[in-house]
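As a plain string of letters, each chain reads:
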Amino acid sequence: MAEDVHKAPAAPTRRLTLDELVERDGQTVFELCTRLVTKHGPGLSRQAICRHPAVLEAAEPVRARRQGRHESHDLNTEPPEHIATRWLRPDTPESAP
């Protein structure tokens, strides 16, 4: 699972997708396709762009949320769950004397 986090942004179009979500969070796949093709030309296929949010969501750098019939994608800046539960300790209050 940990290696999936590093593999997910390996594809150039996935990196562009993440960069786009950094610029403007909360986009649908249609909005992502439109903005990426406008910025980077028609060399990006709609089919490829449509798959990337799901791959990035599975690896946890992207979070999807439903808004009526549409699904919006947001950049997830929290540490991946498997890393947080395995290596990060929850904040514990220091014991008072």
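Structure: above.
Residues numbered from 1 in each chain as written. Predicted model: local features only at pLDDT ≥ 70, side-chain atom pairs only at ≥ 80, totals over all residues. Heavy atoms only, no water.

Caption draft 1: Layout of the overall build of the protein chain. When helices and strands are counted, the protein chain shows five helices and two strands. For the protein chain, the sequential pattern of α-helices and β-strands runs α-α-α-α-β-β-α. Burial status across the protein chain gives 31% buried among its 97 residues. Total accessible area on the protein chain is roughly 6900 Å²; 53% of this is exposed by carbon and sulfur atoms. (Helix = DSSP H or I, 4+ residues; strand = E, 2+ residues; numbered from the N terminus. Buried < 20%, exposed > 50% of the residue type's maximum accessible area, 1.4 Å probe, protein only. Areas by Shrake-Rupley, 256 points an atom, 1.4 Å probe, with all protein chains shown as cover.)

Caption draft 2: How the structure looks around the pairing of strand E1 (residues 62-67). Here E1 runs beside strand E2 (residues 70-75); their pairing, made up of six bridges, is antiparallel. In the sheet register, Arg63 faces E2, and the bridge partner there is Asp74. (Pairing = 2+ DSSP bridges.)

Caption draft 3: Structural view of the nonpolar core. Counting nine residues, the largest nonpolar core consists of Leu18, Leu21, Leu32, Cys33, Leu36, Leu44, Ile49, Leu56 and Val62. At three residues, helix H3 (residues 29-40) tops the list of elements feeding residues into this core. Among all residues touching Leu32, those that are not within four sequence positions of it are Thr17, Glu20, Leu21, Gln27, Ile49 and Pro53. (Core = buried A, V, L, I, M, F, W, Y, C linked by side-chain atoms within 4.5 Å. Contact = heavy atoms within 4.5 Å.)

Caption draft 4: View of the pattern of salt bridges. This model, assessed by the stated rule, comprises five salt bridges. Where Glu23 meets Lys39, a salt bridge forms, and the shortest distance between an N and an O atom there is 2.7 Å. Of this pair, Glu23 sits in helix H2 (residues 12-23) while Lys39 sits in helix H3, and the two are 16 residues apart along the sequence. Here Glu31 makes a salt bridge to Arg24, at a shortest N to O gap of 3.6 Å. Judged by its relative accessible area of 26%, Glu31 is partly exposed. The network of salt bridges with shared partners includes Glu20, Glu23, Arg35 and Lys39. (Salt bridge = Lys/Arg side-chain N within 4 Å of Asp/Glu carboxyl O.)

Caption draft 5: Up close: the environment of Gly26. For Gly26, the position within the fold is in the loop between H2 and H3. With 49 residues separating them in the primary sequence, Gly26 and Leu75 have C-alpha atoms 8.0 Å apart. Ignoring any residue separated from it by four or fewer positions in sequence, one finds Gly26 in contact with Glu31, Arg65, Ser72, His73 and Asp74.

Caption draft 6: Spotlight on the side chain of Glu20. With respect to the helices and strands, Glu20 occurs in helix H2. Overall, the relative accessible area of 2% leaves Glu20 in the buried class. Polar contacts involving the side chain of Glu20 include one to the side chain of Arg35, which spans 2.2 Å. Within the structure, the side chain of Glu20 is placed 2.8 Å from the side chain of Lys39, a separation counted as a polar contact. Among residues more than four places away in sequence, those in contact with Glu20 are Gln27, Leu32, Arg35, Leu36 and Lys39. (Polar contact = N/O pair within 3.5 Å; in protein donor to acceptor, adjacent residues only side chain to side chain.)

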